[in-house]
Amino acid sequence: MKVKWTTFGMIVFFLLSVVMTCCFIWQYRKPKLKTEEFTKKVTAEEMCPRFPEPVPLKHPITSLRIALEKIDIFLRSRIHTTKLPSISAIMVLNDSILWNGNFGKRNTSHPSSPAPNEYTVYRIASVSKIFPTLMLYKLWEDGLVDSLDDPLEKYLDNFTIKNPLGKSRQPASSSVRTLGSNTPALTLRRMSSHLSGLPRRLRSTNLLWSGDTREALNLLQDDVLVADPGTRCHYSNVAFSLLANILAQNVTGTDFESWVSDTILKRLRMEDTGFNFTPAIQRKMAVGVYSNGKQAPLYDLGWYRPAGQMYSTAADMAKLMMALLGTYDAILLRQDTLNTMMTPIIQCHRGYFANFTGTPWEISEQFGYSVVRKDGDLDGFAATLSLVPRLKLGLVILMAGVRPTDEDLVSQAYSYLIPALENVFREAQQPVRAPPDPAPYVGFYTYRNMTFYEIKADSDGVLLMQQFGPQVDTTVPSKYQIIRLDYLQDRVFRVVFERPYPCKLKVNNISVSLEAQDRQLFNFYLFNKKGVAPGFDCPGLNTYRMMRIAGRPYFTS
């Protein structure tokens, strides 16, 4: 027998009003439970929200301090005087620096060398690939690029490369989206996400190749795609260098490095980030070394500069992380654009070094959160910029030396911090906003004369909703029956549960996700001639026509 939606809506809405009691109800109904049984039940109860929203925190917070001390100890222990003599790390939360640590020495060949600090310069290698991607998204946001999925040929005439793995078995110009062709397009988005199928490097070249884009295109004409575009993750320095140079020359009318300096670095006040290792920059640098301790040269990457030439500091990388999280005071991209940039594109094959690929990210999951990161390794240096967008959290680790291969420094750091931060956010009670005037909402409401609710305002004008009538469980303490309504905009409110609460509740053999109900929206109707809302809907719960009644009804036994 199918359950009617109206009946189900009534059940769900009733549960909404008694959310917080359900995780405590055994305390009142079963006081004689044995300790062992009680402990098992508490342990099994999963508390929510599982992914709490990041809210402003009042520091110091003991649990966070302990987690950060563990990260400090862990990174300090990874210093090796020969193969990893210097580490600088910095962590951001929302719009602030949460922690930074600097370990080792800038130059181990000098006994008096000072320790690094957040202004010490390191090569960031392939972390540089973030900047061609930012260029693509900025040009798209500004309307200079029509679509992220534009074929490359739209901005570059007569581009061809052989595609032996494509269905059409024909040379794959990027016009392959034309009618009659089955070959996937070599698009701008795929070029910035290691899905282009372009080779890692141009044939017969190394990272020091000093040719230009015209020569690169000539070399590609007789080269082959290593994968059909959009079908397989394949790391490509060619794709990023080609993307950066084509967009700069044919869309902006300038060179890539000048565009990055003027549009990104100056706007974000990243004063110690750039491309050229001048004497002044070298004096600020940690000395990069190979695994045997020998000093690594600071060579120039030539045509591949957009894919890995840049240098930076922990302090500058913190500004970039906040800009990517949308929390920095200097806005680089709109939040919806940033959300698109952080979205995984496809799952990579098992042999690839990341679970998912993005623009330009390697994306994995930790504690249920997507961790987007960009790693870079180049002679004598290693770097990682990582973000947990859902927590507004970021971590950069810069290294002079060789990245450890036996463990992932970033993942280990997050293993300490994410659980601690998640618990802090979960237990933090979010501020609830009052409407400009609570009077139009205050009163009594009913759902089909089956359940009844009163909405009133507290001393701060915040709306509180509480169920009354014969359906109310009298064993539930009244303080847990009250739901707060957070004012968002004209006549629209958001449900705010007192935290934490049980993720799922089983009532009459029906399991209901309370997590799905948290933060649902109430949409009140236009005010009537009396200046009050005649009712409201909760569309997210498929519950409509909660109607106002004249006063508190009288119930017979």
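Scroll up for the structure.
No experiment lies behind these values; they were computed from the predicted model shown. Each chain carries its own residue numbering, running from 1 in the direction its sequence is written. pLDDT decides what is reported in this predicted model: residues at 70 or higher carry local features, side-chain atom pairs at 80 or more are listed and counted, and totals for whole chains, interfaces and linings draw on all residues regardless. Computation of side-chain values covers all heavy atoms of the structure but excludes hydrogens and water.

We now examine the nonpolar core. Residues grouped as a nonpolar core are buried Ala, Val, Leu, Ile, Met, Phe, Trp, Tyr and Cys residues, joined through side-chain atoms within 4.5 Å. Buried residues are those whose accessible area, probed at 1.4 Å on protein chains only, stays under 20% of the maximum for their type, while exposed residues exceed 50% and partly exposed ones sit between those limits. If you look at the biggest cluster of nonpolar residues, it comprises 85 residues, and the most contacted ones within it are Phe131, Leu198 and Leu385. Contacts are assigned to residue pairs that have any heavy atoms within 4.5 Å of one another. Apart from the residues within four sequence positions on either side, Leu385 is in contact with Val127, Ile130, Met317, Leu320, Met321, Leu324, Trp361, Val372, Arg373, Lys374, Leu395 and Val396. Counting residues in each nonpolar core, the second largest holds 37 residues, with Leu84, Trp99, Tyr414 and Val424 among its members.

Here the focus is the pairing of strand 20 (residues 521–524). Counting from the N terminus, the helices are the DSSP runs of H or I reaching at least four residues and the strands are the DSSP runs of E reaching at least two. Covered by surrounding structure in strand 20 are Phe522 and Phe524 only, the residues Leu521 and Asn523 on the alternate face being uncovered. Judged from the 3 bridges that link them, strand 16 (residues 492–496) and strand 20 form a sheet pairing that is antiparallel. Bridged to Arg494 within strand 20 is Leu521. Sheet topology places strand 20 next to strand 21 (residues 535–538); 2 bridges connect them, and they run antiparallel. Directly across from Phe524, in strand 21, lies its bridge partner Phe536. Strand pairing follows a simple DSSP-based rule, namely that at least 2 bridges must link the two strands.

Attention now goes to helix 9 (residues 256–265). In an α-helix, one turn spans 3.6 residues; hence positions three or four apart end up facing the same way. Of the residues making up helix 9, those classed as buried are Phe256, Trp259, Val260, Thr263, Ile264 and Leu265. On an axial view of helix 9, the arc spanned by its buried residues comes to 155°, and they lie on one face. Looking at the buried side of helix 9, the elements it contacts are helix 5 (130–141), helix 8 (237–252) and helix 11 (305–308). For the purposes of these results, a polar contact is taken to be a pair of N or O atoms within 3.5 Å, where, inside protein, one atom must be able to donate a hydrogen and its partner to accept one; residues adjacent in sequence count only when each atom of the pair is a side-chain atom. Here helix 9 starts with a cap whose side-chain oxygen sits 3.3 Å from the backbone nitrogen of Glu257, and that cap is Asp255. What the arc covers is the set of directions going from the helix axis to the C-beta atoms.

What follows deals with the sheet that holds strand 20. In space, the 8 strands of this closed barrel follow the order 12-13-14-15-16-20-21-22, with antiparallel pairing throughout. Put simply, the sheet's adjacent strands are angled 30° from each other on average, direction ignored. Relative to strand 16, strand 15 (residues 482–489) runs antiparallel, the two being bridged by 5 bridges. From the neighbouring strand, Arg484 faces strand 16, where its bridge partner is Val496. To obtain each axis, a line is fitted to C-alpha atoms, and for helices this fit is confined to the stretch in contact; angles are then taken between N-to-C directions over 0 to 180 degrees.

Attention now goes to the sheet that holds strand 11 (residues 393–400). An order of 3-2-11-10-9-8-7-6 is seen for the 8 strands of this open sheet, with the pairing classed as antiparallel. Of all the strands in the sheet, just strand 3 (96–104) and strand 6 (346–347) have a single pairing partner and so form its edges. Pairing of strand 2 (residues 86–93) with strand 11 involves 8 bridges; the strand directions are antiparallel. For Ala89, the partnering residue across the bridge sits in strand 11 and is Ile397. Each of strand 2, strand 3 and strand 11 touches helix 4 (residues 62–77); the most contacted strand, strand 3, lies at about 25° to it.

If you add up the space inside the largest pocket, you get close to 620 Å³. In this analysis, the protein atoms alone were mapped onto a 1 Å grid. Cavities are point sets where a 1.4 Å probe fits without being able to get out; pockets are open sets with protein on both sides within 12 Å along at least five of seven lines; lining residues have an atom within 4 Å of a point. The wall of the largest pocket is formed by 33 residues, among which Phe353, Asp375, Gly376, Asp377 and Arg403 lie closest to the centre. If you list the elements that add at least two residues to the lining of the largest pocket, you get helix 11, strand 8 (362–366), strand 9 (369–378), strand 11 and helix 14 (409–427). Ranked by residues supplied to the lining of the largest pocket, first place goes to strand 9 with 6 residues. Of the residues contributing to the lining of the largest pocket, the split by class is 15 nonpolar, 8 polar and 10 charged. Grid points are joined across faces, edges and corners, and a volume is the space filled by probe spheres set on the points. Gly is put with the polar residues, along with every residue not named as nonpolar or charged; the nonpolar set is Ala, Val, Leu, Ile, Met, Phe, Trp, Tyr, Cys and Pro, and the charged set is Asp, Glu, Lys and Arg.

Any functional reading would require information beyond the geometric quantities listed.
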